[in-house]
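Residue strings, one per chain:
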Amino acid sequence: MERLNIALCCDYIGKNEAFWLACQRALDAAATLAGLPEELGALRAALLQAHDAPRAGQLLKQLTLAAAAKGQTTADLFPLGALAACLPGALEYQRGMGAGEAQLRATFGDMLRWEAWFERETGRPGLAELHWAVLPYAGDLFEIGSLQYQPIESRFSVYGWAAPGGGLLLLAGGGLPVDAQGRVCPPEHAVFTTAYRQEGKLAAGHLIDPLSGSISAQLTELPVAGLSPVLAPGLRVLNLHIPAGADLSPTAVDDSLRAAKRFFAAAGQPAALAVCHSWMLDPQLAQFLPPTSRILHLAGRFARFSLPGEGSAARFVFRTDTPVDRLPASAARTSLQQAVLAHLTSGGKLFDVGGAMLL
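Computed from a prediction, not measured in an experiment: that's the story for all the values here.

J.: So what exactly am I meant to see when it comes to the sheet that holds strand β1 (residues 142-144) here?
T.: Where strands meet in a sheet, backbone hydrogen bonds hold them as pairs that are either parallel or antiparallel. Reading across the sheet, the 6 strands line up as β1-β2-β11-β12-β14-β13 and stay open at both edges, with mixed pairing between neighbours. Every other strand in the sheet has two partners, leaving β1 and β13 (303-306) as the edge strands with one partner each. Across the sheet, the axes of successive neighbouring strands diverge by a mean angle of 35°, strand direction being ignored. Sheet topology note: the β13/strand β14 (residues 353-358) ladder contains 4 bridges and is antiparallel. By the bridge assignment for β14, Phe 305 is matched with Gly 354.

J.: Where do I start with unusual backbone geometry in this structure?
T.: Most peptide bonds are trans, and most residues other than glycine sit at a negative phi. Phi angles above zero are rare outside glycine, and Lys 15 is one such case at about 70°. Within the fold, Lys 15 resides in the loop between α1 (6-12) and α2 (17-30).

J.: When you look at the environment of Ala 266 in this model, what are you seeing that I'm missing?
T.: As for its position among the elements, Ala 266 is in helix α10 (residues 250-266). For the pair Ala 266 and Met 97, spaced 169 residues apart in sequence, the C-alpha to C-alpha distance is 8.0 Å.

J.: Hey, could you run me through helix α8 (residues 111-122) in this one?
T.: The α-helix winds at 3.6 residues per turn, so residues separated by three or four positions along the chain end up facing the same way. For α8, built from 12 residues, the straight-helix expectation of 16 Å at 1.5 Å per residue is met to within 8% by its first-to-last C-alpha distance of 17 Å. Inspection of α8 places Met 111, Leu 112, Trp 114, Glu 115, Trp 117 and Phe 118 among the buried residues, and these make up the whole buried set. A positive phi of about 80° marks Gly 123, the residue just after α8.

Quick notes on the rules
- Residues numbered from 1 in each chain as written.
- Predicted model: local features only at pLDDT ≥ 70, side-chain atom pairs only at ≥ 80, totals over all residues.
- Heavy atoms only, no water.
- Pairing = 2+ DSSP bridges.
- Helix = DSSP H or I, 4+ residues; strand = E, 2+ residues; numbered from the N terminus.
- Axes fitted to C-alpha atoms, helices over the stretch in contact; angles between N-to-C directions.
- Expected span 1.5 Å × (residues − 1).
- Buried < 20%, exposed > 50% of the residue type's maximum accessible area, 1.4 Å probe, protein only.

Below, the structure written as structure tokens:
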């Protein structure tokens, strides 16, 4: 059965020996289930050989559900133990990419942010964000300075070119239903549907306002000869994530972006563009935050674009899965929380907004 290197876990993830011994007991209890040791081997292979995070997340979810047969504590701690068992191999892989020790501790220590979330919600130690937790172990997530980076193939229906004078020119992809405010919306609320085509040196589509993210109803022809394409579905980009408690001062963000560009270039994965999708990019936040806000400063670095669906602001502003209409007034401790709670409970909405930024 998998044995945890407890000293390594304490050093690179955090917590203490007693915590990881409890995770080891959860692994040992689950190991008596028929077929589970073999499935743990498949999980290890998905993470450390195939570097297939989606497959690993699916496997870890299935294994965690199976571990519930051995009791709640086993189910809660099992995913922590299963991932920690892969820590030596995951560290070796990221070191091979050029990650330093501080970067490794930050990257793998992210698991404890989600363990703390689970404990706040349930009163028990454990882990539920399994699709996210597997990413560092598959070599798909790197915390570099104050921000996190995930190399991906863009899945956004947005096309972008680097403008000669700096900045980005963005066109919406085809087939997007758009409402009167220029936001992507459910089809029944659409006032128009986007179209996009590119033939040779000319692209035709709907321009996206980089400040608001709104999509123009007018079809525009854009000469793209001589422009560098940096964003399109399937194009490699860096997906930027903003961890809880991140230092968003301009200096810290600048340092992180420069270090990330150097790291991925040296690792053979150079990137020209970072993308992000976050409630922090919603332009409505300018109504709630002062002009000196670090959130607004970060958001201002991006050319924004609309995304389908409502946002995750309430979840991350209040750091809870409790629906906003069930939050007590006492949950709003900061001025941002108070403004967001008032906005949402009065019928307002906040959205997750996409953003793109040249590196």
